[in-house]
Amino acid sequence: MRIVGSSMISAFKRLSSVGSPSILASNIRSLSVFGTMSLPDRKPFSPDFFFRQLFDTESSTYSYLLADLKSGEAVIIDPVLEQAKRDAQLVKDLGFQLKYAINTHMHADHITGSGWLRKLTGCQSIIAVASGAKADRHLKEGDRIDFGTHVIDALATPGHTNGCMSYVIKEQGCVFTGDTLLIRGCGRTDFQEGSPRHLYENVHGKIFTLPDNFRIYPAHDYKGQMESSVWEEKRYNPRLTKNLEEFIKIMDNLNLPYPKKIDASLPANRECGVYDIPKE
């Protein structure tokens with residue numbers, strides 16, 4: 001796709017009054033560089049791949065229901081406790097069998113729904129072994145999660161927490177980045193084993209090395225943005241386009257408030273989220 005800046009024509013008319021041909025040619029070349037760009041084509045999802053993005057308004061958390069339409073096997077990434085009944089009903093309505101409830105990390109701003117979904121659907125819970133949380137299955141980098149014919153590759157991306165995992169589905173051209181990489185942002189690094197250096201190195205070394213056209217799906221967004229791409233974040237992320245030293249300085253001076261639900265969320269999430277099941 002080729003995008004031309006709307007001001008290029010008027011700018012060209014202004015430049016045409018410049019007397020020197022060499023100056024005119026130089027400025028036209030500059031306009032060509034800054035007034036156009038090529039966006040990578042995003043790979044479409046395959047016909048047998050089901051994708052549904054879900055949202056929890058209180059915590060601004062995205063959950064993702066994925067399924068193999070041939071086998072009916074499904075997984076959900078980053079479920080929220082208060083939405084577990086909604087998610088279980090959606091799985092039932094669609095005729096899927098929920099195989100796994102997967103967490104990208106041990107959340108501090110909400111209680112995971114994986115434990116309650118386990119009770120409601122019989123699925124297994126999954127989280128990184130480095131998280132220190134309970135689960136039916138613990139992952140390390142290089143492990144794979146399968147549902148039907150589809151495969152999720154586990155990519156260790158600590159920095160926001162020690163147990164942060166990003167989940168890549170190569171065949172569908174997408175990555176679920178949790179709090180490690182947000183749309184035009186990243187997870188905070190001032191608590192829960194946070195390390196700005198590790199986050200920066202993992203984003204640049206593992207996520208930004210994925211193909212430019214891979215879709216990025218984070219665990220949160222606070223501005224109504226639904227997805228990004230590797231190409232976009234490599235160019236426009238205001239924090240991660242800085243060098244390492246500048247990034248560390250930014251992250252060390254965010255002065256963010258203490259997470260409101262951390263005192264309840266962390267103990268619950270260490271137990272797979274079965275802590276305070278909402279009443280009917």
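Heads up: these notes are all about the structure in this document. (Residues numbered from 1 in each chain as written. Predicted model: local features only at pLDDT ≥ 70, side-chain atom pairs only at ≥ 80, totals over all residues. Heavy atoms only, no water.)

1. Structural notes on the overall build of the chain
Summing up its helical and strand segments, the chain has 8 helices and 16 strands in all. Out of the 280 residues in the chain, the part that is buried amounts to 50%. For the chain, contacts bridging at least 24 residues in sequence account for 63% of all contacts bridging at least 6. As displayed, the chain has an accessible area near 13700 Å², and 54% of this comes from carbon and sulfur atoms. (Helix = DSSP H or I, 4+ residues; strand = E, 2+ residues; numbered from the N terminus. Buried < 20%, exposed > 50% of the residue type's maximum accessible area, 1.4 Å probe, protein only. Contact = heavy atoms within 4.5 Å. Areas by Shrake-Rupley, 256 points an atom, 1.4 Å probe, with all protein chains shown as cover.)

2. What about the sheet that holds strand S4 (residues 61–68)?
The strand order S3-S4-S5-S6-S7-S8 describes an open sheet built from 6 strands, whose pairing is mixed. Two strands close off the open sheet at either side, each with one partner strand: strand S3 (49–56) and strand S8 (137–139). Mean inter-strand twist for the sheet, computed between neighbouring axes without regard to direction, equals 20°. Along the sheet, helix H3 (residues 84–94) makes contact with S3, S4, strand S5 (73–77) and strand S6 (97–102), crossing S3 at roughly 155°. Along the sheet, helix H4 (residues 114–121) makes contact with S5, S6 and strand S7 (124–128), crossing S6 at roughly 165°. (Pairing = 2+ DSSP bridges. Axes fitted to C-alpha atoms, helices over the stretch in contact; angles between N-to-C directions.)

3. Let's talk about unusual backbone geometry
Residues other than glycine seldom take positive phi values, yet Asp78 does so here, at roughly 55°. Inspection of the secondary structure puts Asp78 in the loop between S5 and H3.

4. Concerning empty space enclosed by the protein
One way to see where empty space is left: roll a probe the size of a water molecule over the atoms. Enumeration according to the criterion identifies 2 cavities of 30 Å³ or more in this entry. Reported here for the largest cavity is a volume of approximately 60 Å³. A per-class count over the lining of the largest cavity returns 5 nonpolar, 7 polar and 1 charged. One number sums up the size of the second largest cavity: a volume of about 40 Å³. Contributing to the lining of the second largest cavity are Asp56, Glu58, Ser59, Val80, Glu82, His110 and Lys261. (1 Å grid on protein atoms, 1.4 Å probe; cavity = no way out; pocket = protein on both sides within 12 Å on 5 of 7 lines; lining within 4 Å. Points joined across faces, edges and corners; volume = space filled by probe spheres on them. Nonpolar A, V, L, I, M, F, W, Y, C, P; charged D, E, K, R; others polar.)

The values reported here are purely geometric and, on their own, carry no functional implication.
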